[in-house]
Amino acid sequence: MSGDQVQNDSQIEADFRANDSHKHKKDKEHKEHRHKEHKKDKDREKTKHNNSEHRDPSEKKHKEKHKDVEKHKDGEKHKDGEKHKDGEKHREEKHKDGEKHGEKHREEKHHREKDGEKHKDKHKDKDREKRKEKIKSSSGNVKIKKENGFTSPPRIKDEPVAEGYTFSPAANEKPIKRPRDDDDDMDYKPKKIKTEDVKKAKKRKQEEVDVKPKGKNKSKIPEKAADGKKRKVKKEEEEKWKWWEEERHADGIKWKFLEHKGPVFAPPYEPLPENVKFYYDCKPVKLSPKTEEVATFFAKMLDHEYTTKEIFRKNFFKDWKKEMTSEEKSLITSLSKCDFNEMGQYFKVQSEIRKNMTKEEKQKIKAENEKTLQEYGFCIMDSHKERIANFRIEPPGLFRGRGDHPKMGKLKKRIMPEDIIINCSKNSKIPPAPPGHKWKEVRYDNKVTWLVSWTENIQGSIKYIMLNPSSRIKGEKDWQKYEIARRLKSCVDKIRNTYREDWKSKEMKARQRSVALYFIDKLALRAGNEKEEGETADTVGCCSLRVEHIKLYPELDGQEFVVEFDFPGKDSIRYYNKVPVEKRVFKNLQLFMENKQPEDDLFDRLNTSILNKHLQDLMEGLTAKVFRTYNASFTLQQQLKELTNADDNVPAKILSYNRANRAVAILCNHQRAAPKTFEKSMQNLQTKIDAKKDQLLDARRELKSAKADAKVRRDERTRKMLESKKKAVQRVEEQLMKLEVQATDREENKQIALGTSKLNYLDPRISVAWCKKYGIPIEKIYNKTQREKFAWALDMAEEDFVF
DNA sequence: TCGAACACTTAGTAACCCCATA
DNA sequence: TATGGGGTTACTAAGTGTTCGA
């Protein structure tokens, strides 16, 4: 490192120190108390983390397993970490030069900036105050879910753009051409409904399994299929609506015709039988229906940890009392004296009874559900029958917030027709409200996609009934999302250069923005919107990170400039990561943290709207979220390229796919609780593997003796026997390998959820292209629902697709 | 201009269903 | 045929980002 650089860095630091100190003095007095409280929380957290250390052994096991599989499958490497490091170093060196630039006017500019930022500071301070108060009043400790056990997510960036890559126009730049057949105005009537119904779909699915699209031909008719079947499949293919080949609606218009049957309400409360009693202070008490209903919500959750949590109990009891009659209120004054066990037991028995129903009874229920689905589960949107995602109104119950949610246990009220807003076409058949009731409102807004909405009573937020992901309206948006991410690919280098430049900006705001953006890009952090204090669990994203969420190490484990992140993210899932960063980032972080308390905002001059406004200037349609999509899809494509071995068999290739998928899930921090049956199922699998190994030994022994036999006898029968023994060995070897691959996959997946990234972040065309290239049936990668959601990608992506 | 409201996507979990196996 | 277990689906909470209106 040059002397110039050192001087430069310290100069910059001095500048900012002088500039920011006023603000921090001002804040300091307010912070002390909060700091203490947070320290307490931290300690509690530590205990929690220690408790979760049982994960480590599995990690070891994981590594050993990994080795095992490599015996079967050469060329698979997990060198992501190192590769990433190298890339970073390279980038850092590239940008070391030219950092020195006019500092003469820096101070002057800072003063100017200071004024502009005063307002923002006010808001941040307000938030901090609120947080402080909340911490004071809440006895709740910050409980973060288990550590994921990974330090640095596998990342490979700075990869050159693949050769032959052609940039595809973004969805919002040019509409996809093909005249729409329903291009009339709002008042038109639906024509023939074109989408298949569920039964048909089921039938089709059966046939679809055989259909393995290969090659450039867009038609997916199986070559081997018998003529009749061929025709049938072809016919159904034609019936399937290819909305992606049609022109989209004009901007802002979501549909031109919408008709549906309204929502399905939760069944009314059925009072408990007389013999099932609630006890208060050991004495049976007959509760009024309303009180009893709320009591059953609690009784149904007795086995759950929730009911032991103080906040949950407190909130529940408070809301329960609101439902009680005045006599009940005066009698039932303590939750600890309430005995719900008999009620809880009753529900357990009911559930057992349901499980043990006869086949016929189960069939009957299934048929009823199917009938409801057919009646309420579809709507007509622009001449097409589309599946609704959630046509049932959420039933009443107790609110189960995630993490340390301050409102857990509160009563989620029963939604009545009077709470419901219906959205549909004016000229459609408007769904009637249930007898004796009326809707809150009937609206005809075709600039939104929802069919039904209501406001829930816990947070006061609006809930919606919307269409299934397989619908046109959702699919188009999904496709567009990936097109925006692909557009980012073409300008990401420029954006990265820009934010690097901003690390040395004279403006604090620009520096914070650029460091935050670096985290969002490098670590796929979420934007981190500001949240209302006391309304939700204390979770953060990038812009809302606080000083207490990171630790800086000038050197750690032989690496320079390491940042340790430890914070509760979305759903209170812990994000824990140690990342070496570039020196300038590190220095900036030191600066941002100076004179701040642990509970202060790391980026006190930044919020998501400032960040997104800036991103919008860099690229149309760019928001923080796009980086996650872009980096996830880019990583998948890159990892698939690196991990797939063309000579592997199908299970090994699928393992490679899952590993690529896993790299993305780790990057995005998609964790899951290890399945309860995990250890047992691994054990069972191991037993199977051992048995298969024995079987292989036997088969090999038999082969050996058959060989000896064949040498001596040399007749046809012995030769045939030898052949069959050879085949047997081969078969058992394959079976063993399959089991071992399965075990590795399962072990590696213990606490990682692949589904979220697969469904929301990975451009499906990458997977489709990969399947086509390596002859993998798409059903091995996407199940039926996923294939329906990604129908557009299945149809349009060829083997040469590049994200 | 800012906070609130709104619309929509992303997320993990639990219930359900179905298939392989004994 | 019963059972266990894993995959799938339903559910709904918790995010992001845009729009609205004071």
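It should be emphasised that the depicted structure is a prediction, and the values quoted were computed from it without experimental measurement.

A few points about the overall build of chain A
1) Next: Scanning chain A for helices and strands turns up 23 helices and 15 strands.
2) Next: Considering chain A as a whole, with its 803 residues, one finds that 49% of them fall into the buried category.
3) Next: For chain A, long-range pairs separated by at least 24 residues make up 76% of all intrachain contacts whose partners lie at least 6 apart in sequence.

So, helix 18 (residues 678-713)
Since the α-helix turns once every 3.6 residues, residues separated by three or four places project in the same direction.
1) Next: Taking 1.5 Å per residue as the helical rise, helix 18 with its 36 residues ought to reach 52 Å, and the 52 Å between its terminal C-alpha atoms agrees with that figure.
2) Next: Looking at the buried residues of helix 18, the elements they touch are helix 19 (716-748).
3) Next: Of the residues one or two after helix 18, Arg-714 is the one with positive phi, at around 55 degrees.

Description of helix 15 (residues 608-618)
1) Next: Among all positions in helix 15, only Thr-608, Ile-610, Leu-611, His-614 and Leu-615 are buried. What you see down the axis of helix 15 is that its buried residues fit within an arc of 165 degrees, all on one side. In this structure, helix 15 carries Lys-613 and Asp-617 as exposed residues pointing more than 90 degrees from its buried face.

Section: the protein's contact with DNA strand C
1) Next: Looking at DNA strand C, there are 32 residues lining it, with Arg-402, Lys-463, Lys-625, Ser-681 and Thr-785 nearest.
2) Next: Considering the 4 Å shell around the protein, atoms of DNA strand C inside it are sugar or phosphate in 86% of instances.
3) Next: Contact distances for DNA strand C include 3.4 Å between a phosphate oxygen and a side-chain N or O atom of Arg-387.
4) Next: At 3.1 Å from a phosphate oxygen of DNA strand C is found a side-chain nitrogen or oxygen belonging to Asn-612.
5) Next: When residues of the surface near DNA strand C are traced back to their parent elements, those giving at least two are helix 16 (624-643) and helix 18.
6) Next: Ranked by residues supplied to the surface near DNA strand C, first place goes to helix 18 with three residues.
7) Next: In terms of residue class, the surface near DNA strand C is built from four nonpolar, 14 polar and 14 charged.

Examining the layout of surface pockets
One way to see where empty space is left: roll a probe the size of a water molecule over the atoms.
1) Next: Roughly 1,300 Å³ of volume is contained in the second largest pocket.
2) Next: No other element matches the six residues that helix 10 (residues 341-355) contributes to the lining of the second largest pocket.
3) Next: Looking at side-chain class alone, the lining of the second largest pocket contains 18 nonpolar, seven polar and twelve charged residues.

Observations concerning the pairing of strand 12 (residues 462-465)
1) Next: When strand 11 (residues 452-455) meets strand 12, the two strands line up antiparallel, connected through four bridges. Within the sheet, the bridge partner assigned to Thr-455 lies in strand 12 and is Ile-462.
2) Next: Where strand 11 folds back on strand 12, the antiparallel hairpin that results is connected by six residues, among which Gly-460 adopts a positive phi of roughly 75 degrees.

Some remarks on the packing of helix 13 (residues 508-523) against helix 15
1) Next: The geometry of helix 13 relative to helix 15 is characterised by a closest axis approach of 11 Å and an angle of 80 degrees between their N-to-C directions. Viewed along their axes, helix 13 and helix 15 adopt a mutual orientation that is roughly perpendicular. For the pair helix 13 and helix 15, contact is made by Lys-509, Arg-513, Leu-517 and Ile-520 and by Ile-610, Leu-611, His-614 and Leu-615, respectively.
2) Next: Each residue belonging to the contact of helix 13 with helix 15 can be placed in one class, and the counts come to five nonpolar, one polar and two charged.

Digging into the sheet that holds strand 6 (residues 384-387)
Strand pairing in a sheet takes place through backbone hydrogen bonds and is either antiparallel or parallel in direction.
1) Next: Read from one edge of the open sheet, three strands run 1-5-6, paired in antiparallel fashion. Every other strand in the sheet has two partners, leaving strand 1 (258-259) and strand 6 as the edge strands with one partner each.
2) Next: Note that strand 5 (residues 378-381) and strand 6 share four bridges and pair antiparallel. Within strand 6, the residue paired with Met-381 across the bridge is His-384.

Some points on the state of the cysteines
1) Next: Enumeration over the complete set of coordinates arrives at zero disulfides.
2) Next: Left without a disulfide partner, Cys-424 is nearest to the cysteine sulfur of Cys-379, which lies 11 Å away.
3) Next: Among the residues examined, Cys-424 registers a relative accessible area of 0% and is labelled buried.
4) Next: Cys-543 carries a free sulfur, and the closest cysteine sulfur to it, the one in Cys-542, is 5.2 Å from it.

A closer look at the sheet that holds strand 4 (residues 338-339)
1) Next: If you trace the three strands from one edge of the open sheet to the other, you get 3-2-4, paired in antiparallel fashion. Two strands in the sheet have a free side with no partner beyond their single neighbour: strand 3 (283-285) and strand 4.
2) Next: Strand direction decides the pairing type here: strand 2 (residues 278-280) and strand 4, joined by two bridges, are antiparallel. Among the inter-strand pairings, Tyr-280 is bridged to a residue of strand 4, identified as Cys-338.

Section: the pattern of salt bridges
1) Next: A complete count under the given rule lists 40 salt bridges for this structure.
2) Next: Note that Glu-501 is salt-bridged to Lys-504, the shortest N-O span being 3.3 Å.
3) Next: Its relative accessible area of 4% is what places Lys-504 among the buried residues.
4) Next: The salt bridge partner of Arg-659 is Glu-748, with a shortest N-O separation of 2.7 Å. Of this pair, Arg-659 sits in helix 17 (residues 650-667) while Glu-748 is found in helix 19, placing the two residues 89 residues apart along the sequence.

A look at the UniProt feature "coiled-coil region" (unreviewed entry) in chain A
1) Next: Look at the UniProt record and you will see "coiled-coil region" (unreviewed entry) annotated at residues 682-749.
2) Next: In residues 682-749, helix accounts for 96% and strand for 0%; the two terminal C-alpha atoms are 12 Å from one another.

Some remarks on the packing of aromatic side chains
1) Next: For the structure shown, the criterion picks out 32 aromatic pairs.
2) Next: Plain terms: the ring middles of Phe-316 and Phe-340 are 6.3 Å apart, the flat faces sit at 70 degrees to each other, and that makes the pair edge-to-face. Here Phe-316 is found in helix 8 (residues 310-323), whereas its partner Phe-340 is found in the loop between strand 4 and helix 10, with 24 residues between them in sequence. The same class applies to Phe-316 and to Phe-340, which are both buried.
3) Next: A centroid spacing of 5.9 Å and a plane angle of 40 degrees characterise the contact between Tyr-518 and Phe-519, whose relative ring orientation is tilted.
4) Next: Taking relative accessible area as the criterion, Tyr-518 reaches 0% and is therefore assigned buried.
5) Next: Ring pairing ties together the aromatic residues Tyr-499, Trp-503, Tyr-518, Phe-519, Phe-565, Phe-567, Tyr-575, Phe-592 and Phe-603, which thus form one cluster.
6) Next: Across the ring face of Tyr-376, the terminal group of Lys-261 is positioned such that the distance to the ring centre comes to 5.9 Å.

Some remarks on the nonpolar core
One broad trend across soluble globular proteins is that nonpolar side chains are buried collectively.
1) Next: Judged by nonpolar contacts, the single largest core of 84 residues is most densely connected at Leu-488, Phe-519, Leu-525, Phe-565, Leu-589 and Phe-603.
2) Next: Excluding its chain neighbours within four sequence positions, the residues that come into contact with Phe-519 are Ala-524, Leu-525, Cys-542, Phe-565, Val-581, Val-585, Leu-589 and Phe-603.
3) Next: With 27 residues, the next largest nonpolar core counts Val-276, Phe-278, Phe-297 and Phe-317 among its residues.

Structural notes on unusual backbone geometry
The phi torsion of most residues other than glycine is negative, and most of the peptide bonds are trans.
1) Next: Of note, Phe-561 is a non-glycine position whose phi angle comes to about 50 degrees, a positive value.
2) Next: Within the secondary structure layout, Phe-561 lies in strand 14 (residues 559-568).
3) Next: The backbone of Arg-714 shows a phi angle near 55 degrees, a positive value even though the residue is not glycine.
4) Next: Here Arg-714 is to be found in the loop between helix 18 and helix 19.

Let's talk about the environment of Lys-693
1) Next: Along the chain, Lys-693 turns up in helix 18.
2) Next: By relative accessible area, which is 37% here, Lys-693 ends up partly exposed.
3) Next: Along the chain, Lys-693 and Gln-637 lie 56 residues apart, while their C-alpha atoms are 35 Å from each other.
4) Next: Each residue touching Lys-693, except ones within four places of it in the same chain, is listed here: Leu-736 and Glu-740.

Each value, and the rule that gives it
- Residues numbered from 1 in each chain as written.
- Chains lettered and ligands numbered in written order.
- Predicted model: local features only at pLDDT ≥ 70, side-chain atom pairs only at ≥ 80, totals over all residues.
- Heavy atoms only, no water.
- Helix = DSSP H or I, 4+ residues; strand = E, 2+ residues; numbered from the N terminus.
- Buried < 20%, exposed > 50% of the residue type's maximum accessible area, 1.4 Å probe, protein only.
- Contact = heavy atoms within 4.5 Å.
- Expected span 1.5 Å × (residues − 1).
- Arc of directions from axis to C-beta.
- Near = heavy atom within 4 Å.
- Polar contact = N/O pair within 3.5 Å; in protein donor to acceptor, adjacent residues only side chain to side chain.
- Nonpolar A, V, L, I, M, F, W, Y, C, P; charged D, E, K, R; others polar.
- 1 Å grid on protein atoms, 1.4 Å probe; cavity = no way out; pocket = protein on both sides within 12 Å on 5 of 7 lines; lining within 4 Å.
- Points joined across faces, edges and corners; volume = space filled by probe spheres on them.
- Pairing = 2+ DSSP bridges.
- Axes fitted to C-alpha atoms, helices over the stretch in contact; angles between N-to-C directions.
- Parallel < 35°, antiparallel > 145°, perpendicular 65-115°, else oblique.
- Disulfide = S-S within 2.5 Å.
- Salt bridge = Lys/Arg side-chain N within 4 Å of Asp/Glu carboxyl O.
- UniProt positions renumbered as here; feature names shortened; annotations may be inferred.
- Phe/Tyr/Trp six-rings, centres within 6.5 Å; stacked < 30°, edge-to-face > 60°.
- Lys NZ or Arg CZ within 6 Å of the ring centre and 35° of its normal.
- Core = buried A, V, L, I, M, F, W, Y, C linked by side-chain atoms within 4.5 Å.

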